[in-house]
Each structure stands twice: as structure tokens, then as C-alpha cells.
Amino acid sequence: MQKLEKYNERLLPGKPGGAEILLVALSILFTLFSVLVTLIFLPLGFIMLVSSVILNVQAFKNMSVEYEYIITEGEIDIAKINNKSRRKELKNIKPDDITIIRKANSDKAKNDISLKKDKIISYASDPESESCYAIYAKHGNGKEIIILDLDEASVEHLKAVYKRNFEE
């Protein structure tokens, strides 16, 4: 008889990063520059203006950011999805690397985050939310704290796999 794997998937909106915001700012500046060039030299300015509109459309599409968590037998894969089409793998957390899982708004987690001894990575749109958990994992020679916004099914999955490492 085949053993079934535990599997959970979660998709949630995220905030655009610095690269996406910079691209939008540069595309707007290019549009303004194109308008000035159009006033001085119409043919070149028109070509630049059309190019800037295309650049603006692409830049604003990239502002749509989502994070996807896939949890399989305790292994956590995190991906960033831009414009609902481009998927980039950000992190893979192996079960052996996870040391503690606790609520991100617990006193212990807040203290650890404020000390900044470990690398802190947030893949949650609101790290202060009640549904956010801090996952402490080994990373090279040090540790890192990964903040994820988990639903009930994901929390139950992690509780089942990490009984000893899970703190409420």
C-alpha cells in the first residue's frame, strides 16, 4: 500500500520589492523625458513616447506580487510570482534545517527579531498578523528566521511533522 504525502499550498499577495518600485520610477522619468523630446523634435519624441508607454505598462504589471508556499512532508518551498505569470523560486527549507516554529508575534520571536543576531527574511505581506509564524532554520554556519503567513491547514501540517519543535 502506498503512503500518501502531506501537502499544503498557500498563495497570498505580497508587497513589491525595491527593484519593481525602481523600475516604475525610471519608466515614469523616461516618459517625462519623452514628452520633452517630443516638444523639441517630434519624430524622435514620438518613438520615445510610444516606447515609454510600453515600458510603463510592463513596469506596472510587475507591481503585482504574490508569494506561494508549498509544504510537502515538512519541506517548505517559497516562490515569488510577478504579474501572475513569472515564478521565481526564493527559498527551500529542508525539514532537517528547521529548529523551532513559533508565532511571529510571540514575545520570544519579537525579541529574537529585534536583536537581529540571525538573518531575518519575511515572506508575509503583514509580519505582525496573527497568522504569521517565525520559522527558525539553520543556514550555513548560522541561523535565519523566516516569517510566513500560514493558514490553519498549513499550521496543522507543520504541527504534525514538527511536534517537538512547534511552540504556540
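In what follows, the accompanying structure is described. Numbering of residues begins from 1 in every chain and follows the order in which that chain's sequence is written. Local features in this predicted model are restricted to residues of pLDDT 70 or higher, and side-chain atom pairs are both shown and tallied only at a pLDDT of 80 or more, whereas totals for entire chains, interfaces and linings draw on every residue. To get the side-chain values, all heavy atoms of the structure are used, and hydrogens and water are removed first.

## As for the overall build of the protein
Alright, step 1. Along the protein, the regular secondary structure elements total four helices and eight strands.
Alright, step 2. Ordered by position from N to C terminus, the α and β elements of the protein give β-α-α-β-β-β-β-α-β-β-β-α.
Alright, step 3. The size measure is the radius of gyration over C-alpha atoms, and the globule rule it meets is 2.2 Å times the number of residues to the 0.38 power. By the compact-globule yardstick of 15 Å for 168 residues, the protein is too spread out, its C-alpha radius of gyration being 21 Å.
Alright, step 4. Considering only C-alpha atoms, the protein reaches an extent of 70 × 45 × 30 Å along its principal axes.
Alright, step 5. Any two residues having at least one pair of non-hydrogen atoms within 4.5 Å are treated as being in contact. A separation of at least 24 residues holds for 59% of the contacts in the protein among residues at least 6 apart in sequence.
Alright, step 6. Reported accessibility uses the Shrake-Rupley method at a 1.4 Å probe radius. Residues are deemed covered only where the shown protein chains occlude them. For the protein, the accessible area works out to roughly 10300 Å², and carbon and sulfur atoms hold 60% of it.
Alright, step 7. Averaged over its 24 positive side-chain charges, the protein has a centre that lies 3 Å from the centre of its 24 negative ones. We count a stretch as a helix when DSSP gives it H or I for four or more residues in a row; a strand needs E for two or more, and each element gets its number in order from the N terminus. We score Asp and Glu as negative and Lys and Arg as positive, and we do not count His or the chain ends. Where a charge sits is defined by one atom per residue type, namely NZ (Lys), CZ (Arg), CG (Asp) or CD (Glu).

## Considerations on unusual backbone geometry
Most peptide bonds are trans, and most residues other than glycine sit at a negative phi.
Alright, step 1. Of note in this structure, Asn 83 is not a glycine but carries a positive phi near 55°.
Alright, step 2. Examined against the element boundaries, Asn 83 turns out to sit in the loop between β3 (75-82) and β4 (86-93).
Alright, step 3. Among the residues examined, Asn 83 registers a relative accessible area of 27% and is labelled partly exposed.
Alright, step 4. A positive phi angle is found at Lys 84, which is not glycine, with a value near 55°.
Alright, step 5. When you line up the elements, Lys 84 lands in the loop between β3 and β4.
Alright, step 6. With a relative accessible area of 63%, Lys 84 lands in the exposed category. Relative accessible area decides the class of each residue, using a 1.4 Å probe on protein chains only: under 20% of the type maximum gives buried, over 50% gives exposed, and in between gives partly exposed.

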